[in-house]
Amino acid sequence: MISDSVRFDAYAKAISRCVRPGHVVAEIGCGPGVFALMACRAGAKRVYAIETEDIIDVARQIAAANGFADRIQFFQSDSRKTKLPERVDVIVSDIRGALPLFEGALASLQDAKKRFLAPGGVMIPRRDVVKAAIMECQEIYSELVAPWSTCVAGAELSIPRRLELNTAHGGRIKFEQLMSEPQALCTLDYMGNPEPNASAQLAFRASRNGTAHGIGVWFETELYEDIGFSAGPESPLTVYGQLFLPWLEPVVIEEGQEILVTLHASLVGKDYIWRWETEIAGADGGEKVHFRQSTFEGANVSRHTLRRHAVDHIPVLTVEGEAERFLLGAMDGRAALEEIAKKAAERFPEVYSSHEDAFQHATELARKFSR
């Protein structure tokens, strides 16, 4: 992400222009803390850098090496569980995936705005716009479907092929592969209250003749005032890439032909479920094409798994669950991990093949749940 000059230069410029001497700044998902460092160099009197992963220790070292250890306070925690000692003037973040519609990113930013940002404060980024267009992606599409046509001669493999085509794929889409003008799926205004779910009915017209393979999705951002960048196919390569939603079949398109797409991105648990329905008017009175697709179908969730998510399901712990409950219950502030693991290995030999195996599991749980 640091080596992505499109992203990095834009953030550096936004921080330099926005942060003023005496400002207090928070960075959500600070990673190695480079943006926190930039905020100090721009004059911030104090920066709160929040990160869940161990990379935060590298950030501490970088802060000390640059003489800012006394101005940057680090929190290794989820920002939604973090309490800051004061309100801040600026919140900086980049917790997107390929798109800003990514896991709990929106919830984290809205929580940070509500609890951390002072009146009149600034969010960087200010807003993101998610865009979509019709794409001609022969190479990407072939990589998805070719194995299911050639791997076993004469075998019927349309089922896994369909699963592949009901999956959202990350990729690199080129400008020349566009077959329509991009349209906005949604605008995420971080100073407002953006909804975590997005949906839109988009009416495209083919800008040229060709064979279309699906829908490309990306975002453009406004970081601060006129500073921003695009992660779209018209821009230099960025760390984000684009999302490709393939159709069930390639479709030959003529210039001016109408393509209606209904797009939905719905946050379910920690993940987004994408649905895309496509209607293409037949050229010269030809037959209309209609696809209805969803990443839920591509996930291939079994009935057994679905049943265990039902509201009326009555769960009973497996022996593995009993072992995990024992480990967590033993972490009561009185026993060391080695002692806990030894007891777990003795009590659950069908789960842990050795004391070392139990110790490894105990350390993972301790890292996640203990202080």
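See the structure shown above.
Everything in this summary refers to the structure shown in the same document. (Residues numbered from 1 in each chain as written. Predicted model: local features only at pLDDT ≥ 70, side-chain atom pairs only at ≥ 80, totals over all residues. Heavy atoms only, no water.)

1. Re unusual backbone geometry
Trans peptide bonds make up most of the peptide bonds, and negative phi angles are found at most residues other than glycine.
Line of reasoning, step 1. Residue Pro 125 is bonded to the preceding Ile 124 through a cis peptide linkage, with omega at 10°.
Line of reasoning, step 2. Residue placement: Pro 125 occurs in the loop between strand 5 (117-124) and strand 6 (127-135).
Line of reasoning, step 3. Here Glu 103, not a glycine, exhibits a phi torsion of approximately 45°, which is positive.
Line of reasoning, step 4. With respect to the helices and strands, the residue Glu 103 is situated in the loop between strand 4 (88-93) and helix 4 (105-116).
Line of reasoning, step 5. Judged by relative accessible area, Glu 103 falls into the partly exposed class, the value being 40%.
Line of reasoning, step 6. With phi around 50°, Glu 225 is a residue other than glycine that occupies positive phi space.
Line of reasoning, step 7. A relative accessible area of 47% means that Glu 225 is categorised as partly exposed. (Helix = DSSP H or I, 4+ residues; strand = E, 2+ residues; numbered from the N terminus. Buried < 20%, exposed > 50% of the residue type's maximum accessible area, 1.4 Å probe, protein only.)

2. Focus on a nonpolar patch on the surface
Line of reasoning, step 1. A contiguous nonpolar patch, built from Phe 296, Val 301 and Leu 306 and spanning about 240 Å² of accessible area, is present on the exposed surface.
Line of reasoning, step 2. With respect to the element layout, Leu 306 can be found in helix 9 (residues 303-307).
Line of reasoning, step 3. Taking the relative accessible area as the measure of exposure, Leu 306 reaches 39% and is therefore partly exposed. (Patch = residues over 30% accessible without salt bridge, like charges linked within 9 Å, V, L, I, M, F, W, Y side chains within 5 Å. Areas by Shrake-Rupley, 256 points an atom, 1.4 Å probe, with all protein chains shown as cover. Salt bridge = Lys/Arg side-chain N within 4 Å of Asp/Glu carboxyl O.)

3. A short note on the sheet that holds strand 3 (residues 72-76)
Line of reasoning, step 1. Strands sit in the order 3-2-1-4-5 across an open sheet of five strands; the sheet is parallel. Pairing within the sheet leaves two strands with one partner each, and these edge strands are strand 3 and strand 5. The sheet shows a mean angle of 20° between the axes of neighbouring strands, taken without regard to direction.
Line of reasoning, step 2. Of the pairings in the sheet, the one linking strand 2 (residues 46-51) to strand 3 comprises five bridges and is parallel in character. When the bridges of strand 3 are listed, Glu 51 appears paired with Gln 76.
Line of reasoning, step 3. On the sheet, helix 3 (residues 56-65) packs against strand 2 and strand 3 and is oriented at approximately 170° with respect to strand 3.
Line of reasoning, step 4. In the packing of helix 4 onto the sheet, contacts are made with strand 1 (24-28), strand 2, strand 4 and strand 5, and the angle to strand 5 comes to roughly 150°. (Pairing = 2+ DSSP bridges. Axes fitted to C-alpha atoms, helices over the stretch in contact; angles between N-to-C directions. Contact = heavy atoms within 4.5 Å.)

4. Quick look at empty space enclosed by the protein
Line of reasoning, step 1. The tally for this structure, following the rule as stated, stands at one cavity of 30 Å³ or more.
Line of reasoning, step 2. Empty space within the largest cavity amounts to approximately 60 Å³.
Line of reasoning, step 3. Around the largest cavity, the lining residues are Tyr 11, Ser 93, Asp 94, Ile 95, Arg 96, Pro 100, Ala 105, Leu 109, Pro 125, Asp 128 and Tyr 190.
Line of reasoning, step 4. For the lining of the largest cavity, a count of residues per class yields seven nonpolar, one polar and three charged. (1 Å grid on protein atoms, 1.4 Å probe; cavity = no way out; pocket = protein on both sides within 12 Å on 5 of 7 lines; lining within 4 Å. Points joined across faces, edges and corners; volume = space filled by probe spheres on them. Nonpolar A, V, L, I, M, F, W, Y, C, P; charged D, E, K, R; others polar.)

5. Focus on the sheet that holds strand 13 (residues 258-268)
Line of reasoning, step 1. Taken in spatial order, the four strands of this open sheet run 9-13-14-15, and their pairing is antiparallel. Here the strands that pair on one side only, and so sit at the sheet edges, are strand 9 (198-205) and strand 15 (289-294). For this sheet, the mean inter-axis angle between neighbouring strands, taken without regard to orientation, is 10°.
Line of reasoning, step 2. Looking at chain direction, strand 14 (residues 271-280) and strand 15 are connected through six bridges and run antiparallel. In the sheet register, Ile 280 faces strand 15, and the bridge partner there is Val 289.

6. What about helix 12 (residues 355-369)?
Line of reasoning, step 1. With 15 residues, helix 12 extends 21 Å between its outermost C-alpha atoms, agreeing within 8% with the 21 Å of an ideal straight helix rising 1.5 Å per residue.
Line of reasoning, step 2. In this structure, the buried residues of helix 12 make contact with helix 10 (319-330) and helix 11 (337-347). (Expected span 1.5 Å × (residues − 1).)

7. Details of the packing of helix 10 against helix 11
Line of reasoning, step 1. Running from N to C, helix 10 and helix 11 point in directions that differ by 155°, and their axes come no closer than 10 Å. The angle between the axes of helix 10 and helix 11 places the two elements in the roughly antiparallel class. The way helix 10 lies across helix 11 gives a crossing that is right-handed. Only Ile 340, Lys 343, Ala 344 and Arg 347 of helix 11 make contact with helix 10, whose side of the interface consists of Phe 326, Leu 327 and Ala 330.
Line of reasoning, step 2. Within the contact of helix 10 with helix 11, the residues separate by chemical class into five nonpolar, no polar and two charged. (Parallel < 35°, antiparallel > 145°, perpendicular 65-115°, else oblique. Left-handed = near helix turned anticlockwise from the far one by under 90°.)

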